[in-house]
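Listed here are the chains, written in short residue letters.
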Amino acid sequence: MKYDVIIVGCGVSGLYSALKIGKNKSILIVCKEDKKSCNSILAQGGICVLRDDTDYEDYFEDTMKAGHYENKKEALDIMIKNSRSVINDLLSLGVRFEKDDKGNLKYTKEAAHSKSRICFHRDITGKEIVETLLENISYYNNINIMEYTTMLDIIVEDNICKGIVAKTQEGKIINIYSKDTILATGGIGGLYKHSTNFSSITGDSIKIAKKHNIKLENLDYVQIHPTSLYKKEPGRHFLISESTRGEGAILIDKEGNRFVDELLPRDKLSKAIREKLKEENSNYVRLSFKNIDKDIIKNRFENIYNTCLKEGYDITEEPIPVVPAQHYFMGGISVDTYSKTSMDHLYAVGETSCTGVHGKNRLASNSLLECFVFAKRASEKIINESR
């Protein structure tokens, strides 16, 4: 099997890379599960965008502050300045971001943002984007998707990536050759007992990169999300979007008292919740929606409302138990500003890469934006080098 480009992973960074490479190259997308079992589809809150030129300094500072000023400034500048073109492109592809009566985009706010700058589709933004990208990909005859296929290794000659070794659904081991390979396999959440990630997200690209001495970076930078729905059983926790707190939901202790600023950066808020859990000798704190209008809850947060109902909680009437859980990986395969790794013809995009834009802690809703901006740049690099 030979292709111009192999993309390993079916999240937004992998799908968008394929669309930006276009119709002039043969492309194979390989995914470990079915094509919708990616972390991208779980994204609730939205995707950040630079509101206008006057917002640049605030947006830059918000991201730097959340990242403990360990962010790579060049990469961050690139991401912010390309955010509006990404949103416009997604709109042209058919993504239904929320708009007001005049047709202008609505923006929401999440923790550590100094203002509202997040585009969203109800509380299922990731699902809306993934399904739209897949629909657009279905029109491309040159893009094939192999589901239930696991990358076992990469094929390397003279520090040049020549493709991947994969295991098919039937258990067959195959070599798939390519001129360029893009790793988009996501983070490491499946390695944790409690995580908001799918269990299949197990850092596959990271392990393979280590084996081949491909440069890795900040492997200890793991983000804990403050509010996942508490459950006793191990496995994926349902995420309660930060945008609920941006719209007025508050965290309360067992006495019903608010005990923290809910819009602190994720690491600081998770720490405050952990301290409260220790103080109360409890397994969870509570998230109250009493300050949010019931109609807003049922429409703006429809997915969260319905999921909690299935778990026995009516969030319009009662608080829900929440607990911090592993959520995101800021480290990964070190890449340049075009997502190129230290190995020739090998790229990494999305959560499996480390562009440096997040620093030590990711600012809410910057992850989807990072995926799109640097997936596009990887695609541009591949196209230009082939010319």
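Residues numbered from 1 in each chain as written. Predicted model: local features only at pLDDT ≥ 70, side-chain atom pairs only at ≥ 80, totals over all residues. Heavy atoms only, no water.

Here we come to helix H5 (residues 125-137). Taking 1.5 Å of rise per residue, 13 residues should cover 18 Å, and H5 covers 18 Å from first to last C-alpha, within 8% of that figure. For H5, the buried fraction is high: ten of the 13 residues fall into the buried class. Thr125, Gly126, Glu128, Ile129, Val130, Thr132, Leu133, Leu134, Asn136 and Ile137 are the residues of H5 that are buried. Looking at the buried residues of H5, the elements they touch are helix H1 (12-21), strand E2 (27-30), helix H4 (83-93), strand E4 (118-119), strand E5 (143-146) and helix H11 (366-386). (Helix = DSSP H or I, 4+ residues; strand = E, 2+ residues; numbered from the N terminus. Expected span 1.5 Å × (residues − 1). Buried < 20%, exposed > 50% of the residue type's maximum accessible area, 1.4 Å probe, protein only. Contact = heavy atoms within 4.5 Å.)

It is worth spelling out the packing of aromatic side chains at this point. The full count for this structure, using the stated rule, is three aromatic pairs. Judged by centre distance (5.1 Å) and plane angle (40°), the ring pair of Tyr230 and Tyr284 falls under tilted. On the criterion of sequence distance, the pair formed by Tyr230 in the loop between strand E11 (222-229) and strand E12 (235-236) and Tyr284 in the loop between helix H8 (266-280) and strand E14 (285-288) is long-range, its members being 54 residues apart. When the ring centre of Phe120 is taken as origin, the NZ or CZ atom of Arg300, which lies over that ring, is 3.9 Å away. The ring of Tyr328 has Arg362 lying over it, and the distance from NZ or CZ to the ring centre is 4.2 Å. (Phe/Tyr/Trp six-rings, centres within 6.5 Å; stacked < 30°, edge-to-face > 60°. Lys NZ or Arg CZ within 6 Å of the ring centre and 35° of its normal.)

As judged from the six bridges shared by strand E1 (residues 2-8) and strand E8 (residues 173-183), these two strands associate in the parallel manner. Directly across from Lys2, in E8, lies its bridge partner Tyr177. Here strand E7 (residues 160-167) hands over to E8 after five residues, with Gly171 in that stretch at a positive phi of 90°. (Pairing = 2+ DSSP bridges.)

Our next topic: the state of the cysteines. Within the structure shown, the criterion is met by zero disulfides. Counting only cysteine sulfurs, Cys48 is the nearest neighbor of Cys119, a cysteine outside any disulfide, at a range of 8.7 Å. Left unpaired, Cys161 is separated from the closest cysteine sulfur, that of Cys31, by 18 Å. Residue Cys161 is classed as buried on the basis of its relative accessible area, which comes to 0%. (Disulfide = S-S within 2.5 Å.)

So, about the pattern of salt bridges. If you walk through the whole model with that rule in mind, you get 23 salt bridges. One salt bridge connects Glu262 with Arg258, and the closest N-O pair in it is separated by 2.6 Å. The salt bridge partner of Glu279 is Lys276, with a shortest N-O separation of 3.3 Å. Of this pair, Glu279 and Lys276 both sit in helix H8, separated by three residues, roughly a single helical turn. (Salt bridge = Lys/Arg side-chain N within 4 Å of Asp/Glu carboxyl O.)

One open sheet accounts for three strands, arranged E10-E16-E18; its pairing is mixed. A single partner strand is all that each edge strand has here, and the edge strands are strand E10 (216-217) and strand E18 (353-354). The pairing of strand E16 (residues 332-334) with E18 spans two bridges and is parallel. Its bridge partner being in E18, Ile333 is matched across the sheet by Ser353. Sitting on the sheet, helix H6 (residues 204-211) touches E10 and E16, and the angle it makes with E16 is about 45°. (Axes fitted to C-alpha atoms, helices over the stretch in contact; angles between N-to-C directions.)

What follows deals with the pairing of E14. As defined by bridge partners, strand E13 (residues 250-252) adjoins E14 across three bridges and the pair is classed as antiparallel. Looking at E14, one finds that Ile250 is bridged to Ser288. With three bridges joining them, E14 and strand E15 (residues 320-329) adopt antiparallel strand pairing. Residue pairing across strands places Leu287 opposite Ile320, the latter belonging to E15.

Examined against the element boundaries, Asp293 turns out to sit in the loop between E14 and helix H9 (294-300). Overall, Asp293 belongs to the partly exposed group, its relative accessible area being 45%. Along the chain, Asp293 and Glu247 lie 46 residues apart, while their C-alpha atoms are 9.8 Å from each other. There is a polar contact of 2.9 Å between the side chain of Asp293 and the backbone nitrogen of Asp295. (Polar contact = N/O pair within 3.5 Å; in protein donor to acceptor, adjacent residues only side chain to side chain.)

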